[in-house]
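So you can see what is in the structure, the chains are spelled out below.
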Amino acid sequence: MTTVTKEAGAPSPADAGAFLSVRDLHVSFKTEDGIVRAVDGLSFDLERGKTLGIVGESGSGKSVTNLTILGLHSPKFTTVEGEILLEGKELTTARESELEKLRGNKVAMIFQDPLTALSPYYTVGRQIAEPFMKHMGASKKAAWERAVEMLGKVGIPNPKERAKDYPHQFSGGMRQRAMIAMALVCDPDLLIADEPTTALDVTVQAQILDLLNDLQQEFGSAIIFITHDLGVIADMADDIMVMYAGGAIERGTTNQVLRSPQHPYTWGLLNSMPRLDSDLSAALAPIPGAPPSLLTPPSGCRFHPRCTFQDRVGGNRCVTERPPLAPDRASACHLTAEQKRTIFVEEIKPRLG
Ligand code: SF4
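Given the structure is predicted, the values throughout are model-derived calculations rather than measurements. (Residues numbered from 1 in each chain as written. Predicted model: local features only at pLDDT ≥ 70, side-chain atom pairs only at ≥ 80, totals over all residues. Heavy atoms only, no water.)

**Section: the overall build of the protein chain**
Scanning the protein chain from terminus to terminus reveals twelve helices and eleven strands. Against the compact-globule benchmark of 20 Å for 353 residues, the protein chain has a radius of gyration of 21 Å, which places it among compact chains. The principal-axis extent of the C-alpha atoms belonging to the protein chain is close to 70 × 50 × 40 Å. Each of the 353 residues in the protein chain was classed as buried or not, and the buried ones make up 50%. Summed over its atoms, the accessible surface of the protein chain is roughly 16,300 Å², and 53% of this surface lies on carbon and sulfur atoms. Distance from the positive charge centre (37 side chains) to the negative charge centre (43 side chains) of the protein chain: 3 Å. (Helix = DSSP H or I, 4+ residues; strand = E, 2+ residues; numbered from the N terminus. Rg over C-alpha atoms; globule rule 2.2 N^0.38 Å. Buried < 20%, exposed > 50% of the residue type's maximum accessible area, 1.4 Å probe, protein only. Areas by Shrake-Rupley, 256 points an atom, 1.4 Å probe, with all protein chains shown as cover. Lys, Arg positive; Asp, Glu negative; His and termini not counted. Charge placed at Lys NZ, Arg CZ, Asp CG, Glu CD.)

Have a look at this one:
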């Protein structure tokens, strides 16, 4: 298992070996309506060369966590507490100039929409070559050759010629490949991919996932793959962390989370996924209700207003007491381990098929 979430702020000897350690991270924004607590006490580790899938609905805090790792939040409106250690270096207190050096070099990001990341005014080749010149000190000629090489690596046919094209001359799938080439050009140790295949059709999506897998083998980067769709990361992630309302509510190896999920929210996510082998005319079962406002999050377990299992816990615990996420394989839920197992086997699994 590559992610080991420990109790908030409790470093251990293993921390020394983690490539990325996030400890008791809190991120909040000042808005006109009040303070939005977007991330609320998140801890996880990631090892070099491994892939962590972070899953959750919009507003779960997954993208904010990763923008904070990259230092892409506005310090004027954002308060960050806790630790983000990259190879032992604290990023939450790093100067902008240090973060600037890290971005594109040690850490790179692939966004959902390549059109927002690629400039329409410059050729694709130039946009891939620039970070290589800036971070690796390469000459213009060497950087251009590297850009052509990277376009070839990500499967763009005739890369020597296509490097001279502008982004609008590429298809959506090719733009996404170009952005992956741009992200990997400096051989980063950590690649953060934020819903990188959401805007693509299923065939291209599968090609991009295969490509990321292949490139990870070649470059050995650690990958954080953010998605709202558990199915997308089934073949890709070593570990999965499920987020809800700013915190982690379940984590484990991909096999554990997909084959024996323990949290009612994860059950809901799996239940709402379309399956090719099921009756396609059967209605999907979406999770009732909507994610909570992070201005005024629910008391106790943040999932309680949407949870249909709270009466099995007894008393008022789900409303009054926030369940912790224990170390190692865990889910933040007051149900006992036996209850989780029985409910999953007898009530949830038959519905999943
Ligand atoms: Fe549901 Fe209670 Fe578990 Fe929260 S703690 S997921 S409300 S059963």
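**Structural notes on the confidence of the model for the protein chain**
On average, residues of the protein chain score 86 in pLDDT, and 91% of them are at 70 or above. In this model residues 1-16 is a low-confidence stretch, pLDDT under 50, and it forms 44 contacts with partners more than four residues away in sequence or in other chains. (pLDDT = per-residue confidence, 0-100. Contact = heavy atoms within 4.5 Å.)

**Some points on helix H7 (residues 172-184)**
Taking 1.5 Å per residue as the helical rise, H7 with its 13 residues ought to reach 18 Å, and the 19 Å between its terminal C-alpha atoms agrees with that figure. Those residues of H7 lying buried are Gly173, Met174, Arg175, Gln176, Arg177, Ala178, Met179, Ile180, Ala181, Met182, Ala183 and Leu184. (Expected span 1.5 Å × (residues − 1).)

**Observations concerning the environment of Ser139**
Relative to the elements of secondary structure, Ser139 occurs in the loop between helix H4 (124-136) and helix H5 (140-153). Given the relative accessible area of 42%, Ser139 is considered partly exposed. Note: C-alpha distance between Ser139 and Pro75 (64 residues apart in sequence) is 34 Å. A polar contact is formed between the side chain of Ser139 and the backbone nitrogen of Ala142, at a distance of 3.1 Å. (Polar contact = N/O pair within 3.5 Å; in protein donor to acceptor, adjacent residues only side chain to side chain.)

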